[in-house]
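Each chain is listed here by its residues.
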Amino acid sequence: MKRYDLIVVGAGPSGLSAAIEAARQGLSVIVFDENEKPGGQLFKQIHKFFGSKEHKAKIRGYQIGRELLAEADKVGVQVKLNTTVIGMYQDKEITVCIEENVRHYKGDSIIIATGAAENMVTFEGWTLPGVIGAGAAQTLMNLHGVKPGAKILMLGSGNVGLVVSFQLMQCGCEVVALVDAAPTIGGYGVHAAKVARCGVPFYLSHTITKAEGKDHVTGVVISEVDNNFQPIPGTEKHFDVDTICVAVGLSPMSQLLKMAGCKMEDHPRRGGEVPVVDAYGETSISGVFAAGDVSGIEEASSAMIEGRMAGVCAATYLGFCEKEEKEEILSGLSKDLDSLRQGMFAPKNRGKNIDKTEEGIAVSDNLLQKGYIADDEIERYPGVTDKKGIHPVIECSQNIPCNPCQDACSRKCIKIGKKMTSLPSINDEAECSGCGMCVASCSGQAIFLVKEDDEEGYATVTLPYEFLPLPQKGEKGVALSRSGKKCCEAEIVEIRNVPAFDHTSLLTMKVPIDMVKTARFFQASQKGGDRYG
Amino acid sequence: MDKVNDRFRDIGAFTPLADDDMLICRCEEITKGEIRKAVHEGMYTMTEIRRYLRCGMGLCQGQTCAKLVKGIVVRELGVLPTELEPATSRVPMRPVEMRVLAKEEGRC
Amino acid sequence: MQNTAQVIIIGGGIIGCATAYYLAKKAISVIVLEGSDHIGNGGSSRNGGGVRQSGRDPRELPMVTWGIKNLWPYLTEELGVDVEYTQKGNLRLGKTPNHLNILQRLTDRSAACGLDVKMIDGDEVRQINPYLSKEVIGASWCPTDGHANPLTATLGFYKKARELGVRFITGEPVIELKKVKGKLRKIITSHYTYEGEQVLVAAGYESRAITAAVGIDIPMQAVKMECLVTEAEPYMFEQMLGTAEADFYGHQSKHGSFVFGGSTGLETYNKDNGKQISTSLGASCTCRGIIGYFPALSDAKIVRAWAGYIDECADKIPVISQVEEVPGLYVACGFTGHGFGIAPGAAYNIAEIISEGTPTVDMRAFRYDRFQAKI
C-alpha cells in the first residue's frame, strides 16, 4: 500500500497551496485532481484579482494558477491529473481511479480541497437545453474556446454573475439583461459598473418565471417580485435569448469528508454542508483537513491562505515542523486572511444593510440597484476630483480590501493608506504623468484618466478596454455613460498597449468638454459582428 | 440522533399547487408534486424521500437536486433547513465502469 | 402526547413496519419506536432484494412459501406503493464441479421439502438468461423465486401502517425495558417512557442489547456486508441471481439498474466508525465476481456502493417468537441476511401471535429458547 505523508485531493488554489507549504516543510506530497488541467477554478478566471500585492492582486487568475503549478513543481509535489478520488475510508485510506483501474493509497495526513459545485434554481422550462450554470459557461469559453450562446440572460448578481456577464461580452455574446430576485446587487459595485456601462440593463427584484422553447431555449420571461419574492402579475418582460446563465451560488463538494465520517454541519452562510473544522481546517478526524471552498464558499485568495494553513498544520501534526514555527506561520497567515475578510463584503457583514462607507460617505443606491453610480452621486467619492491637466478619476465607492492603484502610481497621486479597505483618494499635491498605470492596475476597471482642457471645447477620457477587435486611432464612435446610454460622439485619439498593462488596453477618446464627467465607455460606429467594437 | 421525530404530528393536508409538474430531479425525472406528496405519505427525512422516490439516485447522486429537494421538503414539513439531516455520501464519487472498479492494481 | 398503545414495536425496519400494519388492520393500536433518524435504515433498505425460497434452511420454507403465495403478489395494490415484486425465478450459478456439488446439496435439501427446484446444465441456464458467461456449467433453478424493491416495500408498509393510525417515532433509541409487577410494560428512551400491553422487539442486531434488560439473550453477531448499484441499463433479464460461493447475488430492477451484493470473505471482521461505512475492498471484489459471470456488464457504470449490517443468528435462522417467561415480550430478529423475502410472512404471523395467540404457519422452529449446547 503506497503511503504518503500528505495526500491532497484537488489541485485548485487551496490544494496546490497546501501541497506547496507541506512540501517546503519536507513532507512527501501527492495531489490528485479529476480534471485534465490543474488549477481548479483559477484557469477560468481571466480577470485580474483584487487584494494587495501579497494576495496576488492585479494578476489574472490563470496566471496565478500557472505560478502555483510552477512552485509546486519546484518543491517536488507530485500532481496526478485525470485521477478521481472515488472514496475515502477509515484509516485515512483512499481509492483512486487512475488510468482505467483503481488504486489504494494511504496518507498520514489528508487535505480535502475539492471545491464547490454550482447551484440550480427552478423555473418553468429550467431543464431545457440552453439553461446552464455561469461557471459552466465560463469553462466553455475560457477553457474550451466555445461560445456558450449568442443572446444570453444572466440570473444572479453576485460576483460570479457579474464577472461572467462581462466575460460573455468579451467572448462576443450579447448579454440582454442581468436579473436578480434580491433588491440590491450582491457582488462588487465595480464589477457591476463594467457591465452596466456596456449597456446591459439590470433588473433587480425580478425573477425568471419561464424559459420558452420546445427542445431548446428560445426566449425567457422575467417578472418583478414582491417582498415575499412572489412574481407580481402584469410585470412580465420578455427577451429573445438562446441561453440562460444561472449564477445562484455554490455548494461545497464535501462528500469525501462526509463519507469518511467527519463531523459535518449544515452552514447556510458557508454554502451548505461543510465539515466542522477548527480555525486552521482540521476536521473531527485528526490528520484530516479541509481547505478552500469545500469548507466554506469564499474566493481564491482566501482559499490559498487556508490551504497554506492546513499544509503547515499537517506538517506539525506529523512532526516535520516545530510548534513554535507553526504558530509563527499561522499568525502571519491569519493576519493575511483577516485582512481579506474586511470591508463591505466581509463574511461578517453578509446580510447587513450598509448605507455608509467606513469614511461616512453615503453608498450609491443607484449602484446597488441599477449597477452604476448616478451622475448626482459620483462626486461624493474621494477618488473623483476636478483638476486642471490630466488626472485620474477613481470611481470606487465601496470598501473592499484592495490597493493595487496606490502602488501603481510612481508620483504618489493615489492614496489608500494602511487600511486596505479605505476608498482611494487623490493626492492634490502630486502631479499626474498620464502614464496610465493606475488605469491598467485597477482590477475593477474603475479608474479613468481625464484631461479637461485638451483642446478648446473638448476633453479626453482614457479608459481600460478589454475587448476585441481593438478600435483604431482616429476611429469615430459614440461614448456611453456609466449607465450604458449613448451620451455623445467620440473619437479615438490613442490606443496604448504595453506589457506592463497585462493585456488591458488603454483607450483615449475625445469627447465634448461637458461630457467629461459622464463619458466612460466607447462604442464604434459601425455595427455588424460584435456589439462592442 | 437527538431529534425525536413524531411521524404522526400534523403537518397539514396535501394541497395541489400549480407547479407540481415541475421537474426537480433531472436524472430520475421526479416532480415537485411527487416530492410534496411523499412528505405527506410519511417521508420526513431526505434519506426516506430518496429511497421512496429515487431522487438523488441518478448519475449526479443529488449534486443538482439535493438543495432543491430539501427546500421543498422543509416547506412541506414546516421546519428549518438545518433541522433536516442530509443524505449519506458514498463511493464512488463519480460513476465508474465495473471493469475499472474491478481492476484493483497492486493489491496486496 | 399519548405514549401508550396496545402494542409497542421497537424497530422501524420492514419487520416492525409490516407487523405494525398487520396489527393495525385488526384495529389494534400500535406505536413504533425507531432508534435511528430513518424508517428502514438497517438491513431493510440495504439488501439485494431477493424474495426466494431456494437456498434457505428448510425450517424457513413453510413461512417464506406461504408469504410468496399469499402476500407478495398483492402487496403493491394493498399498500398503494409499487414494491416491484417480480416472480421470474432464481438461478444460483456454478462454474466448477465443486460449485455444482454445493448447489446439488442445497437443491436436494429444498426439493425434499416439496419446493419446485431442480438442477439445470449450462445450456439450459443460457436459454433462460443469454447474458451469462460460457463458463457457467450449471445452476439450481427455482421458478417461483423472485425479487422486489426493498426500499419501497419497507416504506410502503410504513406508509400504509401510518395511514391506518400507527404512530411512528424516529430518533427514539430504547434504553431500557422495564417490567411492572411481573409483566413487561414500560419502554424507556432518553426522552420519554412508553407503555404497552405487548412489546415486540424487532431491532435487528440491536435487539440483543435491548432484551438483555429483561434477562433474554438472542445469540447474534453483527456482520457488515456490502452492495452496489449501476446506472439504468437496457432491459436484460428478470431472474434473481446468485452463485454457489456467494461471489455475488442480485437482480436488474424495474428502473433498469442492477443491484448486486457480494462478499470479500472478511465480513465477520469488518470494523466501523459508528456508521455503516463501506470498506475499500468490497465494491471491487463484487465487480470482479459479477464480471466473471456477466462479461456483458463490464461497461456498466457503478453509481453507488453501500454497506449494512446483518444480524447473524447462531443457527442462521431468525428468532420469531413469544417470550413466555417475560409476559408481554415478543421478539422478531436475527434474520441473518435473508430477512427481506420472508418479512411479510414473518410479520403477518408474529402479528397473529401477538393479537390472537396462534399463527397461521407453524413457528416452533423460530422459538427463542431453541439454542442448546452441542453436547
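Residues numbered from 1 in each chain as written. Chains lettered and ligands numbered in written order. Predicted model: local features only at pLDDT ≥ 70, side-chain atom pairs only at ≥ 80, totals over all residues. Heavy atoms only, no water.

### Observations concerning the overall build of chain C
- Helix and strand counts for chain C stand at 10 helices and 18 strands.
- For 375 residues, the compact-globule estimate of 2.2 N^0.38 gives 21 Å, and the C-alpha radius of gyration of chain C, at 20 Å, lies within 12% of that figure.
- Once the C-alpha set of chain C is aligned to its principal axes, its extents read approximately 65 × 45 × 40 Å.
- Here the contacts in chain C between residues at least 6 apart in sequence split such that 72% fall between residues at least 24 apart.
- Approximately 14000 Å² of chain C is accessible, and the part contributed by carbon and sulfur atoms is 51%.
- A distance of 3 Å separates the average location of the 38 positive side-chain charges in chain C from that of its 40 negative side-chain charges. (Helix = DSSP H or I, 4+ residues; strand = E, 2+ residues; numbered from the N terminus. Rg over C-alpha atoms; globule rule 2.2 N^0.38 Å. Contact = heavy atoms within 4.5 Å. Areas by Shrake-Rupley, 256 points an atom, 1.4 Å probe, with all protein chains shown as cover. Lys, Arg positive; Asp, Glu negative; His and termini not counted. Charge placed at Lys NZ, Arg CZ, Asp CG, Glu CD.)

### Comments concerning the interface of chain C and chain B
- On the chain B side, the residues contacting the 54 residues of chain C number 39 residues.
- The junction of chain C with chain B conceals about 4000 Å² of combined surface from both sides, 54% of it contributed by carbon and sulfur atoms.
- The tally of links between chain C and chain B comes to 3 salt bridges.
- Here Asp-6 of chain B and Arg-167 of chain C are joined by a salt bridge, their closest N and O atoms 3.1 Å apart.
- Where chain C meets chain B, there are 30 residue pairs in polar contact (both at pLDDT 80 or more).
- Among the elements of the structure, helix 2 (43–46), helix 7 (150–163), strand 8 (167–170), helix 9 (282–293) and strand 16 (301–313) of chain C are those that each provide at least two residues to the side of chain C that touches chain B.
- If you tally residues by element for the side of chain C that touches chain B, the top one is strand 16 of chain C, at 7 residues.
- The residue makeup of the side of chain C that touches chain B, split by class, is 24 nonpolar, 19 polar and 11 charged.
- Note that strand 1 (residues 5–6) of chain B and strand 8 of chain C share 2 bridges and pair antiparallel. Within the sheet, the bridge partner assigned to Asn-5 of chain B lies in strand 8 of chain C and is Thr-170 of chain C. (Buried area = accessible area lost by both parts, 1.4 Å probe. Salt bridge = Lys/Arg side-chain N within 4 Å of Asp/Glu carboxyl O. Polar contact = N/O pair within 3.5 Å; in protein donor to acceptor, adjacent residues only side chain to side chain. Nonpolar A, V, L, I, M, F, W, Y, C, P; charged D, E, K, R; others polar. Pairing = 2+ DSSP bridges.)

### Quick word on the sheet that holds strand 10 (residues 174–180) of chain A
All names here are of chain A.
- Here 5 strands make up an open sheet; going across it, the order is 8-15-9-10-11 and the pairing parallel. Looking at the sheet topology across the chains shown, the edges are occupied by strand 8 (131–133) and strand 11 (202–204). When the angles between neighbouring strand axes are averaged without regard to direction, this sheet yields 20 degrees.
- The sheet strands contacting helix 3 (residues 134–143) are strand 8, strand 9 (151–155) and strand 15 (243–246), and the helix crosses strand 8 at an angle near 85 degrees. (Axes fitted to C-alpha atoms, helices over the stretch in contact; angles between N-to-C directions.)

### Quick look at a nonpolar patch on the surface
- Side chains of Leu-266, Tyr-269 and Leu-281 of chain C sit close together on the surface and give an oily, nonpolar patch of about 330 Å² of accessible area.
- With respect to the helices, strands and loops of the structure, Leu-266 of chain C is situated in the loop between strand 15 (258–262) and helix 9. (Patch = residues over 30% accessible without salt bridge, like charges linked within 9 Å, V, L, I, M, F, W, Y side chains within 5 Å.)

### Examining the interface of chain A and chain C
- At the junction of the two partners, chain A supplies 10 residues and chain C supplies 10 residues.
- Buried area between chain A and chain C, both sides added, is near 690 Å², and the carbon and sulfur share of it is 50%.
- Sorting the residues of chain A by area buried against chain C places Tyr-89, Gln-90 and His-104 of chain A first, and these three jointly supply 63% of that buried surface.
- Inspection of the chain A/chain C interface yields 1 salt bridge.
- Asp-91 of chain A is paired through a salt bridge with Lys-271 of chain C; the nearest N and O atoms lie 2.9 Å apart.
- On inspection of chain A and its partner chain C, the count reaches 5 residue pairs in polar contact (both at pLDDT 80 or more).
- For the side of chain A that touches chain C, the per-class residue count stands at 4 nonpolar, 4 polar and 2 charged.

### What about the confidence of the model for chain C?
- Looking at chain C as a whole, the pLDDT averages 96, with 100% of positions reaching at least 70.
- Interface confidence for the predicted complex, expressed as ipTM, amounts to 0.95; the pTM equals 0.93. (pLDDT = per-residue confidence, 0-100.)

### Some thoughts on the packing of aromatic side chains
Residues and elements named next belong to chain C.
- In the structure shown here, the tally under the stated rule is 24 aromatic pairs over all chains.
- When the ring of Tyr-158 is compared with that of Phe-168, the centres are 4.7 Å apart and the planes differ by 90 degrees; the resulting orientation is edge-to-face. Here Phe-168 lies in strand 8 and Tyr-158 lies in helix 7, a separation of 10 residues in the sequence. Taken as a pair, Tyr-158 and Phe-168 share a single burial class, namely buried. (Phe/Tyr/Trp six-rings, centres within 6.5 Å; stacked < 30°, edge-to-face > 60°. Buried < 20%, exposed > 50% of the residue type's maximum accessible area, 1.4 Å probe, protein only.)

### Some words on the pattern of salt bridges
- This model, assessed by the stated rule, comprises 50 salt bridges over all chains.
- Note that Glu-71 of chain A and Arg-24 of chain A form a salt bridge whose closest N and O atoms lie 3.3 Å from each other. A residue pair is termed long-range when its members are at least 10 positions apart, and Glu-71 of chain A in helix 2 (residues 61–74) and Arg-24 of chain A in helix 1 (residues 13–24) qualify at 47 residues.
- Linking Glu-356 of chain C and Lys-26 of chain C is a salt bridge whose minimum nitrogen-to-oxygen distance equals 3.3 Å. One end of the pair, Glu-356 of chain C, is in the segment after helix 10 (343–355); the other, Lys-26 of chain C, is in the loop between helix 1 (14–25) and strand 2 (30–34), and 330 residues separate them in sequence.
- On the basis of relative accessibility, which here comes to 31%, the residue Lys-26 of chain C falls in the partly exposed class.
- Among the charged side chains, a salt-bridge network with shared partners connects Glu-21, Arg-24, Glu-71 and Arg-308 of chain A.

### A word on a negative patch on the surface
Residue and element names in this part refer to chain A.
- Taken together, the side chains of Glu-322, Glu-324, Glu-325, Glu-327 and Glu-328 present a region of like negative charge at the surface.
- Mapped onto the elements, Glu-324 comes out in helix 8 (residues 323–340).
- Given a relative accessible area of 57%, Glu-324 falls into the exposed group.

### Regarding the environment of Tyr-330 of chain C
All names here are of chain C.
- Mapped onto the secondary structure, Tyr-330 falls in strand 18 (residues 329–333).
- Overall, the relative accessible area of 6% leaves Tyr-330 in the buried class.
- In this structure the C-alpha to C-alpha distance between Tyr-330 and Ser-110, which are 220 residues apart in sequence, comes to 29 Å.

### What to know about empty space enclosed by the protein
Residues and elements named next belong to chain A.
- This model, assessed by the stated rule, comprises 6 cavities of 30 Å³ or more.
- Roughly 170 Å³ of volume is contained in the largest cavity.
- Considering the residues around the largest cavity, the lining is formed by 19 residues, among which Cys-396, Cys-402, Cys-405, Pro-424 and Cys-442 are closest to the centre.
- Looking at side-chain class alone, the lining of the largest cavity contains 13 nonpolar, 6 polar and no charged residues.
- Around the second largest cavity, the lining comprises 13 residues; the ones closest to its centre are Gly-189, Val-190, Ala-193, Ile-373 and Glu-395.
- Sorting elements by how many residues they give to the lining of the second largest cavity places helix 5 (residues 189–196) first, with 3 residues.
- Taken together, the residues that form the lining of the second largest cavity break down as 7 nonpolar, 3 polar and 3 charged. (1 Å grid on protein atoms, 1.4 Å probe; cavity = no way out; pocket = protein on both sides within 12 Å on 5 of 7 lines; lining within 4 Å. Points joined across faces, edges and corners; volume = space filled by probe spheres on them.)

### So, the side chain of Asp-57 of chain C
Residues and elements named next belong to chain C.
- Counting through the fold element by element, Asp-57 comes out in the loop between strand 3 (50–51) and helix 3 (61–70).
- Looking at Asp-57, the relative accessible area reads 19%, which means it is buried.
- With near-sequence residues (within four places) excluded, Asp-57 lies in contact with Arg-109, Asp-315 and Ile-317.

### Quick look at the environment of Ala-18 of chain C
Residues and elements named next belong to chain C.
- Note that Ala-18 resides in helix 1.
- When its relative accessible area of 0% is taken as the criterion, Ala-18 is described as buried.
- Between the C-alpha atom of Ala-18 and that of Pro-58, which follows or precedes it by 40 residues, the distance is 23 Å.

### A few points about the sheet that holds strand 13 (residues 219–224) of chain A
Residues and elements named next belong to chain A.
- One open sheet accounts for 3 strands, arranged 12-13-14; its pairing is antiparallel. Strands with a single pairing partner mark the edges of an open sheet, and in this sheet they are strand 12 (206–212) and strand 14 (237–240). Within this sheet the neighbouring strands show an average axis-to-axis angle of 25 degrees, counted without direction.
- Taken together, the 4 bridges between strand 13 and strand 14 define a ladder with antiparallel strand orientation.

### So, the pairing of strand 26 (residues 486–496) of chain A
All names here are of chain A.
- Pairing analysis gives 5 bridges linking strand 25 (residues 476–480) to strand 26, with the strands arranged antiparallel. The residue of strand 26 that forms the bridge with Gly-477 is Ala-490.
- Following strand 25, the chain reverses through 5 residues before pairing antiparallel with strand 26; Gly-484 in that reversal takes a positive phi of roughly 85 degrees.
- The sheet contact formed by strand 26 and strand 27 (residues 505–512) spans 5 bridges and is antiparallel. In the sheet register, Arg-496 faces strand 27, and the bridge partner there is Leu-506.

### Some words on helix 3 of chain C
- Along helix 3 of chain C, the residues that are buried comprise Leu-61, Met-63, Val-64, Trp-66, Gly-67 and Ile-68 of chain C.
- In this structure, the buried residues of helix 3 of chain C make contact with strand 3, helix 5 (97–111), strand 17 (319–323) and helix 10 of chain C.

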